[in-house]
Amino acid sequence: MTPEFNLIKQYFTRATRDTKLGVGDDAALISLTTGMELAISADMLVAGTHFFTDCDAYQLGWKSLAVNISDMAAMGANPKWATLAIALPEINASWLAEFSRGFFACADNFSVDLIGGDTTRGPLIISVQIMGEVPIGKAIKRGGAKVGDEIWVSGKLGDAAIALQHMLGKITLPIDVLTSCAKALHEPQPRVTLGLALQDIANSAIDVSDGLLADLGHILEQSNIGAALELKRIPHSTFVDFPIDLRDESLRKMVLAGGDDYELCFTAPAEKHAEIVKLSETTKLQLSCVGHVTSDTGLVLHGLDNEILNIKETGFDHFS
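As annotated in an unreviewed UniProt entry, the protein chain carries the name Thiamine-monophosphate kinase and is attributed to Methylotenera versatilis. Comment text from UniProt for the protein chain, heading Catalytic activity (unreviewed entry), reads "thiamine phosphate + ATP = thiamine diphosphate + ADP". UniProt annotates the protein chain under Sequence similarities (unreviewed entry) with the comment "Belongs to the thiamine-monophosphate kinase family."

### Looking at the pairing of strand β10 (residues 298-302)
Each regular strand displays side chains that alternate between the two surfaces of the sheet. Relative to β10, strand β7 (residues 226-230) runs parallel, the two sharing five bridges. What sits directly across from alanine 227, in β10, is leucine 299. Two elements, β10 and strand β11 (residues 308-309), share two bridges in a ladder whose sense is antiparallel. Pairing of histidine 302 across the sheet is with isoleucine 308, part of β11. Between β10 and β11, which follow one another and run antiparallel, lie five residues, and asparagine 306 among them has a positive phi close to 70°.

### Comments concerning the nonpolar core
Counting residues in hydrophobic clusters, the biggest one holds 50 residues, and the most contacted among them are Leu60, Leu65, Trp95, Phe99, Ile126, Leu198 and Phe266. The element contributing the most residues to this core is helix α2 (residues 57-75), with 10 residues. Two domains each donate at least three residues to this core, and these are domain 1 (13-135) and domain 2 (149-309). Excluding residues that lie within four positions of it along the chain, leucine 65 makes contacts with Ala82, Phe103, Cys106, Ala107, Val128 and Ile130.

Cut-offs applied
Residues numbered from 1 in each chain as written. Predicted model: local features only at pLDDT ≥ 70, side-chain atom pairs only at ≥ 80, totals over all residues. Heavy atoms only, no water. UniProt positions renumbered as here; feature names shortened; annotations may be inferred. Pairing = 2+ DSSP bridges. Helix = DSSP H or I, 4+ residues; strand = E, 2+ residues; numbered from the N terminus. Core = buried A, V, L, I, M, F, W, Y, C linked by side-chain atoms within 4.5 Å. Buried < 20%, exposed > 50% of the residue type's maximum accessible area, 1.4 Å probe, protein only. Domains from an automatic or database assignment. Contact = heavy atoms within 4.5 Å.

What follows is the structure in structure tokens.
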């Protein structure tokens, strides 16, 4: 057996839950549940661009799958299968053991099967394709927002960006704040349960990967509408030793445009408000109404004193 196939067998081959044919053949075989259609997405993580080259291998394994599962959550789809293509500078047994442990920890948590992929030598690049099922006609799309919809955000925004700024040496965080924020950066929690529950509630949705303003902007563009946001409603963590004052432009940028949150931003009819509040209670997940959809194109951000703020940066751009 060649080193490549030995690597695949040792670190990335496991029994699958719901697959007719998985790792080890030229292609995997899967069967869709009756009444379902296939949702497919892919993400690539590049060393030095999306993660530090010396980052923890377990956390990288978790995150490389989690960010893809988050795409399924945004579509209201149930994630089921994934493929992994990875370029490695060398075969490092201890690194591979930890990476695969983190990857499969995430896979087990969300009942996802790894059903195939590829390995090669090269700069460290991780590419995951995720597939899931969604009832026919029930997928939540970016282009479905309607004038009058309320705009909602799950969880809290900004923690991952705050941790990154500490790691870049631009701010200094107390150890307890760093621990909390680093967890959000390195081990994001895809909101699958929420996404599934939103199938009959939300008109549109997206996961917040590049920053709230940038990702909400995709909904606005696809739906050909506008939005008004209220800064005072934007959910973020509160720390005694590191107060987040949204009047501070740099802190405001981390919360609104920092990215790597992997929370869901969605729009829903105003008459669904009470139902969403109840959903927040049953899922034990904070859901915050942060604004509404308007007929005017573009995004208006109202500050803490209801003044209109100038939006300079909306989020991460891979080619800026």
